[in-house]
Amino acid sequence: SPDMSVDVARECAHIVSSLRAGPKKVAVLDLDNTLWGGVVGDDGLDGIEIGDTSPRGEAFKAFQQYLLRLTQRGILLAVCSKNDRDKAVEPFEKHPEMVLRMKDLVAFKANWQPKSENIRQIAAELNLGLDSLVFIDDNPAEIEIVNQFVPEVETVLLSEDPSEYVGTLQDTRFFEPRNVTAEDLERVGQYKQEAQRQELL
């Protein structure tokens, strides 16, 4: 049918694209209204939406669970958020419903610098090219700034409905591997160790 032809064409395009360039290595994540609902700096730890107490909270939790599964395939997770660092870290350390924890992240940038600059720093610290990174945010203005100042980085603009987040990210195919090697499975641990070495230095 004509509708099915569109789906087949998209799948063929994804296959051709994966043969021309490998999957991305790092998902760089915003925090507020991306990993949880609300603004942690304004709403506080108890005011953010995450967990099984509401449909929106469940959707954010499901998104975090999907991201955690990506790390099991060797995809690295990093945070890039305009926030006070102590407030931004608090949900990862203290919120009982958070799926992702600090140990799951290889880089954490929560400050008031431009996100484009923070993304450059993340790439440098991980010793990866900017074209290995994908920036994920719900704010169109931040996405546009990153597109303008670090065009090598792919971007994903999330909608206002967190139940669509997993499907949106899956549909990009940025993190779909052609195969998964033993090196891929060890990558997250290796980069965490390297980040710790850089921090100690």
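All of the points below concern the structure found in this document. (Residues numbered from 1 in each chain as written. Predicted model: local features only at pLDDT ≥ 70, side-chain atom pairs only at ≥ 80, totals over all residues. Heavy atoms only, no water.)

**A few points about the side chain of Asn83**
Turning to step 1, where the next piece is worked out: Tracing the backbone shows Asn83 in the loop between strand S2 (76–82) and helix H4 (85–94).
Turning to step 2, where the next piece is worked out: Looking at Asn83, its side chain comes within polar contact range of the side chain of Asp32, at 3.1 Å.
Turning to step 3, where the next piece is worked out: Polar contacts involving the side chain of Asn83 include one to the side chain of Ser81, which spans 2.9 Å.
Turning to step 4, where the next piece is worked out: Once residues lying within four places of it in the same chain are set aside, the contact partners of Asn83 are Leu31, Asp32, Val40, Gly41, Ala88, Ala110, Asn111 and Trp112. (Helix = DSSP H or I, 4+ residues; strand = E, 2+ residues; numbered from the N terminus. Polar contact = N/O pair within 3.5 Å; in protein donor to acceptor, adjacent residues only side chain to side chain. Contact = heavy atoms within 4.5 Å.)

**Quick look at the environment of Pro96**
Turning to step 1, where the next piece is worked out: Relative to the assigned elements, Pro96 resides in the loop between H4 and strand S3 (107–111).
Turning to step 2, where the next piece is worked out: Assessed through its relative accessible area of 74%, Pro96 is described here as exposed.
Turning to step 3, where the next piece is worked out: Separated by 46 residues in the primary sequence, Pro96 and Ile50 place their C-alpha atoms 9.3 Å from one another. (Buried < 20%, exposed > 50% of the residue type's maximum accessible area, 1.4 Å probe, protein only.)

**Quick look at the sheet that holds strand S1 (residues 26–29)**
Turning to step 1, where the next piece is worked out: One open sheet holds the 5 strands; their spatial order is S3-S2-S1-S4-S5, and the pairing between them is parallel. Edge positions in the sheet fall to S3 and strand S5 (154–157), since each has one partner strand and no second. Between one strand axis and the next, the sheet turns by 20° as a mean value, whatever way the strands run.
Turning to step 2, where the next piece is worked out: Note that S1 and strand S4 (residues 133–137) share 4 bridges and pair parallel. Residue Val26 lies in a different strand from S4, and its bridge partner there is Leu133. (Pairing = 2+ DSSP bridges. Axes fitted to C-alpha atoms, helices over the stretch in contact; angles between N-to-C directions.)

**Looking at H4**
Turning to step 1, where the next piece is worked out: Listing the buried residues of H4 in full gives Ala88, Val89, Pro91 and Phe92. Here the buried residues of H4 occupy an arc of 150° about the axis, which is enough to place them on one side. Every exposed residue of H4 that faces more than 90 degrees away from the buried side is listed here: Asp86, Glu93 and Lys94.
Turning to step 2, where the next piece is worked out: Where H4 is buried, its residues touch helix H2 (40–43), S2 and S3. (Arc of directions from axis to C-beta.)

**As for the pairing of S1**
Turning to step 1, where the next piece is worked out: The two faces of S1 match: Val26 and Val28 on one face and Ala27 and Leu29 on the other face are all buried.
Turning to step 2, where the next piece is worked out: With 4 bridges joining them, S1 and S2 adopt parallel strand pairing. Along S2, the bridge assignment pairs Leu29 with Val79.

**Some words on the nonpolar core**
Generally speaking, soluble globular proteins have nonpolar side chains that are buried together.
Turning to step 1, where the next piece is worked out: With 33 residues, the main nonpolar core has Leu35, Trp36, Leu67, Phe92, Phe108 and Leu169 as its most contacted residues.
Turning to step 2, where the next piece is worked out: At the level of elements, S1, helix H3 (55–71), S2, H4, S3, S4 and helix H7 (165–172) are the ones that each hand at least two residues to this core.
Turning to step 3, where the next piece is worked out: If one sorts the elements of this core by residue count, H3 sits on top with 5 residues.
Turning to step 4, where the next piece is worked out: When neighbours within four sequence positions are excluded, Leu169 is seen to be in contact with Phe63, Tyr66, Leu67, Leu70, Ile136, Val156 and Phe175.
Turning to step 5, where the next piece is worked out: Membership of the second largest hydrophobic core comes to 19 residues, among which are Ala78, Ala107, Ile119 and Leu133. (Core = buried A, V, L, I, M, F, W, Y, C linked by side-chain atoms within 4.5 Å.)

None of this, on its own, says anything about what the molecule does.
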